[in-house]
Amino acid sequence: MRGQIAFHVISEKQSPTYCVDAPDFQIATTESQWIDVFDQETQCQPQRDVQLPDVDFTREAGLAAWWRVDNCLGSKVHTDSIERVGDQVVVSTTASGPPPSVCAAARGELESFLVLEKSALFTGREPVKFVLNGVTVGTEKPTG
């Protein structure tokens with residue numbers, strides 16, 4: 001089985017404060033799992049109350065990816081595609097930053113929060129492989 005999976009981005013950014021050691025990945029197919037994702041995301045921050053992004057878990061799943069820690073201010077992350085390849089789902093992402101000559105030193109974590117549409121290609125039970133700049137950085141098997 002092969003094909004593109006519809007998704008939309010909640011946020012993709014370099015976060016100056018981070019509570020999760022990258023790389024780490026979470027797939028949420030229930031509201032309680034989604035709450036756990038954001039509890040993990042905010043556990044070390046002084047302001048822990050966040051508005052959870054809306055996900056309709058009857059039709060969608062949430063995905064959180066903490067890709068890597070980057071030491072250059074202005075680094076970016078962008079999800080290029082999410083597709084079903086065989087028995088797994090592949091999330092392909094590109095990270096980029098300013099040239100080293102203009103890099104302002106700042107430690108931040110590259111992170112993505114996405115919503116995937118459930119379909120025949122993605123039910124929320126498939127293993128998900130995470131690829132950053134062409135290199136596999138992790139695989140996550142959904143729980144529950």
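Higher on the page you've got the structure.
Just so you know, these numbers come straight off a predicted model, no measurement behind them.

### Remarks on the packing of aromatic side chains
- Tallying each qualifying case throughout the model produces seven aromatic pairs.
- Between tryptophan 34 and phenylalanine 38, the ring centres sit 5.1 Å apart and the planes meet at 80°, which makes this aromatic pair edge-to-face. One end of the pair is tryptophan 34 and the other is phenylalanine 38, both in helix H1 (residues 31-42) and four residues apart, which spans about a single turn.
- For the pair tryptophan 67 and phenylalanine 130, a centre-to-centre distance of 5.8 Å together with 70° between the ring planes defines the contact as edge-to-face. Taken as a pair, tryptophan 67 in strand S4 (residues 60-73) and phenylalanine 130 in strand S8 (residues 128-132) lie far apart in primary sequence, 63 residues in all. Residue tryptophan 67 shares its accessibility class with phenylalanine 130, and that shared class is buried.

### Section: the sheet that holds strand S6 (residues 88-96)
- Here we have five strands laid out as an open sheet, ordered S1-S5-S6-S8-S9, and mixed in their pairing. Each end of this open sheet is capped by a strand with a single partner; those strands are strand S1 (2-4) and strand S9 (135-140). Strand-to-strand twist across the sheet, computed as the mean angle between neighbouring axes with direction ignored, equals 25°.
- Strand direction decides the pairing type here: S1 and strand S5 (residues 76-85), joined by three bridges, are antiparallel. Bridging across to S5, arginine 2 finds its partner in valine 85.

### Regarding the nonpolar core
- Residues Leu63, Trp67, Val91 and Phe130 are the most contacted members of the largest nonpolar core, which totals 20 residues.
- If you list the elements that add at least two residues to this core, you get strand S3 (24-28), S4, S5, S6, strand S7 (104-117) and S8.
- For this core, the leading source of residues is S4, giving four residues.
- Grouped together as the second largest cluster of nonpolar side chains are 11 residues, Val37, Ala64, Trp66 and Val115 included.

### Section: the state of the cysteines
- By the definition in use, this model includes two disulfides.
- Note on cysteine connectivity: cysteine 19 is disulfide-linked to cysteine 44, with sulfurs 2.1 Å apart. Here the disulfide of cysteine 19 and cysteine 44 is left-handed, its torsion about the S-S bond being about -90°. With cysteine 19 in the loop between strand S2 (7-15) and S3 and cysteine 44 in the loop between H1 and S4, this pair connects stretches of sequence that are 25 residues apart.
- A relative accessible area of 15% means that cysteine 19 is categorised as buried.
- The exposure class of cysteine 44 is partly exposed, given its relative accessible area of 47%.
- Disulfide partner of cysteine 72: cysteine 103, at an S-S distance of 2.1 Å. A residue pair is termed long-range when its members are at least 10 positions apart, and cysteine 72 in strand S4 and cysteine 103 in the loop between S6 and S7 qualify at 31 residues.
- Residue classification places cysteine 72 among the buried residues on the basis of a relative accessible area of 8%.
- With its disulfide-bonded cysteines labelled consecutively along the sequence, the protein chain is connected as 1-2, 3-4.

Cut-offs applied
- Residues numbered from 1 in each chain as written.
- Predicted model: local features only at pLDDT ≥ 70, side-chain atom pairs only at ≥ 80, totals over all residues.
- Heavy atoms only, no water.
- Phe/Tyr/Trp six-rings, centres within 6.5 Å; stacked < 30°, edge-to-face > 60°.
- Helix = DSSP H or I, 4+ residues; strand = E, 2+ residues; numbered from the N terminus.
- Buried < 20%, exposed > 50% of the residue type's maximum accessible area, 1.4 Å probe, protein only.
- Pairing = 2+ DSSP bridges.
- Axes fitted to C-alpha atoms, helices over the stretch in contact; angles between N-to-C directions.
- Core = buried A, V, L, I, M, F, W, Y, C linked by side-chain atoms within 4.5 Å.
- Disulfide = S-S within 2.5 Å.

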